[in-house]
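Coordinates in review
Listed below, chain by chain, are the residues.
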Amino acid sequence: MAEAALFNIAGAVLNLLGSKVLQEAALLWGMGDDINKLKLTLSSIQAVLLDAEEQSHAPQSHQLRLWLKELRQVVYRSEDLLDDFSTEVRRRQGTAAATEKISKEVKNFFSSSNQVAYGLKIVHGIQDIRAKLDEIAKRRDMFHLEVRPVESMARKLREQTHSDVPEVVVGRENDKKRVMEQLLLPLSQPKENVSVVSIVGIGGLGKTTLAQLLYNDETVKSHFEVKAWVCVSDNFDVKRVVEKIIESCTKRKPEKDLEMDTLRAQLHENVNGKKYLIVLDDVWNEDREKWSRLKGLLKSGAKGSCVMITTRLLSVAKLAATKGVEPNELKGLDNIDSWSLFREIAFDGGEATSGIFELMGREILEKCKGVPLAIKTVAGALLFKESESEWVAFKSKGMCEMDESENDIMSTLKLSYDHLPTHLKHCFAYCCLFPKDHNIDVETLIHLWIAQGFIQSSDPSNHFDIGIGYFKDLLWRSFFQEAKKGEHGDIIWCKMHDLMHDLATKVAGEEIATLAVWNSQDLLSFDSQLRVTRHVSLDLRVYDFFEEFCEVYSSAANTADANKLRTLIVKDASHINELQGVIFSNTTSLRALDLSHLWVSMVSDAIHTLKHLKYFDLSYNQVLKVLPEEITELVNLEVLKLEHCKVLEQLPKGIGKLSCLFHLGLDRCVKLKSMPPGIGKLCYLRKLPMFIIAHGDDESTSASIAGIGELRNLNNLRGSLMIVNLRDVKNPLEGKLANLKDKQHLEELVLVWEVRGLGVVSDAKAEGKLLEALRPNRNLKNLGLSYNYGFECPSWLPSMMSLVKLDISSCLNWKCLLSLDQLPFLAQLSLQDMESLEYIECGVATSSSSCCSFFPSLKSLILKGCPKFKGWLTPWTADEAVVLQFPSVSEVEISGCGSITSIPYFSRELQSLEFRGGSKELLKQILRMSPSLSSLPPQSRLCRLFIFEVLDLDILPNEILPRLSSSSLERLTIRYCPELRTLYPALPHHLTSVQSLDIGRCEKLDLCGGDDDEMMQQQFHGGVLLSSLLQVHFHKIPKLSHLPEWLQLAPELLGIRVDDCPIAYLPEWMPKLVRLHDLTIDPYVKSASQCVEQDWPKIAHIADIDINDLVIQEGGHLVALEELAALEEDSEEEEQDDVNDDDEDNEAEQVKEESRAEKEDDTSRLLLFFMDCMTRLTTCCSIFLRCFEDRSNS
């Protein structure tokens, strides 16, 4: 990596030497000859660097490696010197774009008396560098280095898109079947409650891939109640593993520094009595005591629970194994599967273009030994080799290298690295800064590459796009894996295989290091490593020896080769606020600094000393309120990340000086009140997620805040932009100043008039005009509009032909929405809290056909809080028989839209419906089948149906039954339907595939009455119709006195939960439910102990039983009657205490009420007295005035 990076750094120095700034300085100071000779020398050295890199790997190349090390130091030093000079000139000229003023600025810079010394320093520095490079160049010939042509990057980047990442898994079908059989052992087979299944094999065989296939298999998902995935790696700390299990189960991290007892309780809460699958990936632990401790914590799972581990060591698998469960040892792929995988990648899914390619491919494949990772990386490298000669060179050189290696797999991976283009080598090696199994944020990775100068382009506006190409190239070659795509198909994060991480660490050498200082003993190794590395990830816990650490850091940073650290990522640091001064003053060559997630409360004003800094991450510092103005002196800064700084109140006023800034991360900076003036000068800005219009009418502050017009020239913006507080835009015409129509790269725009939504209307007409003026570019994909109080929809909305998602909320005065049904890509439409909305215009022209499709791509429809909405306003008369239908909608949510009179048909694609607060008639309309489908067998795909608050629903209508007659309907929930009387005939006829049934708050529903039970029994006779039912939940059904008889015909039933229903007895057929695992009834007429004594034969087979909020059996272990009686007694005492407390509260409330009444009486009497006094005073005043008038007249 070092030499590959050196090639690029040398190129960067050559660019600086050829810059207009330095050329002007050379003319002024008479050092043109020095500059030209320096360029020639460095160019000649750069030309042989690729050959030097290759030769340096040979064991006998010690002198060459020393020569390269010396060269590296000089080249890095020259880049710092020239970059320092360019920075100073840029500071004085104020903007990097004003190149026409460079000559004047350079003259002024050097003519200033206080800059003469600095100018001499630059001149002497260049002369010194030239002398050292000349000396180094003289020794070049002794190594017989050759000039190598630089591979064309354009040829290396594939012509086709990289967006479809190949996820190729072959040859593991039998392995998957064998492991799955172990996971799904029958419950009747005697074994421990929790078994351990292991997958064993050398690195790169696909252990994790196989585990992932099993973990995400639908059969496995339905078999286990709880699943968790933990990557263990080489640090098998039981507490840490438990924390990760809890995090995976709950989707949130436990609090820091919790005691083990607390963690044990949280783990117990998540797995106790439940059949779980926990995957421990990449386990190395051979300590039997640690395994025993972890197993002890997990033993409370239900019978059939399983821990699946992946490991490279058979000894680990045997140590953890359950008796009778053999480890699954993965082998390499056979020849057929190996060739299938190789061909899929090397020939891009096709066949070899000639027999010679296939012959060479098979010979190369033999050296991969069937290891999928090796096959993928080799095939990925050959994918970019287009000629036979390139394949021959790869084959012959690769074979030789691998024969000499002791580790064939790592040699194979190294071979693929060796054949990477130069510009990708250091990009890959740099990734070892991230921990193993880390989710690497792709955007962050590319930002770091840019900061280090790894991107080959003279145009800074293209750096990020080129970086995306680099990443995809490495991904295609399998140097990255598990790529996760975002909403728009872009890759947002990925991982590196452990072997790839090892390779990156190996090729990075001493250039990159991950250092940990947890105690004073670590300082010695830290001191030696910091002196030789350039990129560091630092884990600091220096609570007790902070001053000692600062001394070591300063000493190491100020050696003869001082200030050479270029990346510093600080993790988990104590004293972070004090530590900043040490970093800033001793590490001034930094290009990238990461202080995220550290509780930074202030940024030292010494930040200005980091004049080379290009990447600064302060995200997730949730106590950071302000940034120092000195940060605006970092004129090279390109990325400033402030995401989730939730108390940050303002940005630096001079932010316009940061002329190179292209990324300003402000997501979740909820306390920001305005934008600083001058932000519109940042013409390279690509990311600005939020633009805030300041509140208030104080003109005195107008000079210190940015108006919406600052957006005019920010036409490079990408991604998402939210403009907030638009109600404070005084003049609607200012909307045009934002120039949104020219922001062609924006994907998402959110316009918000009032964050708090207080309903304060300033000027409805003005708001309508402003919205009209804020016309976006037609390339926009997502649009959100909130709290606009204008009277109508903007005229430009139907012309937004690229829209994929439209979200309109709280636009309270809109009565009609313009036609949207002809937008070809609109997939999501959400209309919420539109109080005045009555119609949506229909854009379908009159047609003679009986059925018309509109909204061709719509997948999701949400209508919530639109009480006046009636439906779609069609352009044709009632005599024209035109039927509207949503052809692709799969998810629908309708709530609080009680005025809908008609709604278009939904096709078979409807999969999920949540219906709340409407009428029975509207529910029928939504779930009816289209006339075009009436002649076909019903094939509905509906799998989730939620019905809430349908006050007139008395029976599930016949019109919706064809929609329910589906083998896909998995979940049915009905709540708050007070008139519902029966589920017949829907339940026996049409709900045969339901897995989860949830019924509650239906006061008239009789699930146990004669009609339901008798008719259902007749229908069920001779066959099981509820074979899919797994869970039932009944809640507050007054007529439910016992479990319905038809439940006994659900042989796969796992759980029954009954809350607030008057259950009087348990039926005799309960033992028929042989797979029933959970039973919860609260309340039950019998006490828990009576249930054990009287009902035990009916329920003894159930693993977990909870009666009246008391656990009587857990994990198949019965609670002792004595203990149960004590628990009941405690419960009764608590209930009595609650009653007493209620009585005391009532008495206290009565006393308060009496006191309040007395006070009110006193107040009334006092008021009457006051009124009487006022009356008397008024009378006295009248008498006085009359007397005064009489006296005046006399």
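The model shown is predicted, which means the values in this text are computed figures rather than measured ones. (Residues numbered from 1 in each chain as written. Predicted model: local features only at pLDDT ≥ 70, side-chain atom pairs only at ≥ 80, totals over all residues. Heavy atoms only, no water.)

On to the pattern of salt bridges, then. Scanning all chains against the criterion turns up 50 salt bridges. Of the charged contacts in the structure, one is a salt bridge between Arg727 and Glu754, with a shortest N-O distance of 3.7 Å. Of this pair, Arg727 sits in the loop between strand S17 (719-724) and helix H28 (734-737) while Glu754 is found in the loop between strand S18 (746-752) and helix H29 (764-773), placing the two residues 27 residues apart along the sequence. Glu754 carries the same exposure label as Arg727, and that label is buried. Each of the salt bridges in this network shares a partner with another, and the network as a whole consists of Glu79, Asp80, Asp83, Arg566 and Arg591. (Salt bridge = Lys/Arg side-chain N within 4 Å of Asp/Glu carboxyl O. Helix = DSSP H or I, 4+ residues; strand = E, 2+ residues; numbered from the N terminus. Buried < 20%, exposed > 50% of the residue type's maximum accessible area, 1.4 Å probe, protein only.)

The next point concerns the nonpolar core. Grouped together as the largest cluster of nonpolar side chains are 189 residues, with contacts concentrated most on Phe616, Leu642, Leu664, Leu688 and Phe1034. Element by element, the count of residues in this core is highest for helix H26 (residues 546-557), at six residues. Here Leu642 is in contact with Leu618, Ser619, Leu627, Leu648, Leu651, Leu664, Gly665, Leu666 and Cys669, once residues within four sequence places are set aside. Residues Leu214, Val279, Phe428 and Val442 belong to the second largest nonpolar core, which totals 90 residues. (Core = buried A, V, L, I, M, F, W, Y, C linked by side-chain atoms within 4.5 Å. Contact = heavy atoms within 4.5 Å.)

An order of S21-S23-S26 is seen for the three strands of this open sheet, with the pairing classed as parallel. This sheet does not close on itself; its edge strands, each paired only once, are strand S21 (816-817) and strand S26 (871-873). Here strand S23 (residues 839-841) runs beside S26; their pairing, made up of three bridges, is parallel. Note on S26: the bridge partner recorded for Ile840 is Trp872. (Pairing = 2+ DSSP bridges.)

Turning to the pairing of strand S1 (residues 194-200), a few remarks are in order. Buried residues dominate S1, accounting for seven of its seven residues. Of the two faces of S1, the one carrying Val194, Val196, Ser198 and Val200 and the one carrying Ser195, Val197 and Ile199 are both buried. Where S1 and strand S4 (residues 305-311) come together, seven bridges link them in parallel fashion. The partner of Val196 across the bridge, within S4, is Val307.

For the rest of this paragraph, the subject is helix H16 (residues 335-346). Here H16 is 12 residues long and its end C-alpha atoms lie 16 Å apart, about the 16 Å a rise of 1.5 Å per residue gives. For H16, the full list of buried residues reads Ser338, Trp339, Leu341, Phe342, Ile345 and Ala346. Projected down its long axis, H16 shows its buried positions confined to an angular sector of 165 degrees, all on one face. Looking at where H16 begins, the residue whose side-chain oxygen comes 3.2 Å from the main-chain nitrogen of Ile336 is Asp334. One or two positions beyond H16, positive phi appears at Asp348, with a value near 55 degrees. (Expected span 1.5 Å × (residues − 1). Arc of directions from axis to C-beta. Polar contact = N/O pair within 3.5 Å; in protein donor to acceptor, adjacent residues only side chain to side chain.)

Mapped onto the elements of the fold, His663 is located in strand S15 (residues 663-665). We classify His663 as buried; its relative accessible area is 2%. Among residues more than four places away in sequence, those in contact with His663 are Glu443, His447, Glu638, Val639, Leu640, Lys641, Glu643, Leu685 and Lys687.

Counting across every chain of the model gives 23 aromatic pairs. Judged by centre distance (6.2 Å) and plane angle (80 degrees), the ring pair of Phe342 and Phe347 falls under edge-to-face. Assigned by exposure class, Phe342 and Phe347 land together as buried. An angle of 75 degrees between the planes, with centres 5.0 Å apart, marks the rings of Phe357 and Trp391 as edge-to-face. Taken together, the positions of Phe357 in helix H17 (residues 355-366) and Trp391 in helix H19 (residues 388-404) put the pair 34 residues apart, joining distant regions of the chain. (Phe/Tyr/Trp six-rings, centres within 6.5 Å; stacked < 30°, edge-to-face > 60°.)

Moving on to the pairing of strand S32 (residues 971-975). The buried fraction of S32 amounts to four of the five residues, a majority that puts the element mostly inside the structure. When strand S31 (residues 944-948) meets S32, the two strands line up parallel, connected through five bridges. Looking at the pairing, Phe946 lines up with Thr973 of S32. Examined bridge by bridge, S32 and strand S33 (residues 996-1000) share five bridges and lie parallel to one another. By the bridge assignment, Arg975 is partnered in S33 with Gly1000.

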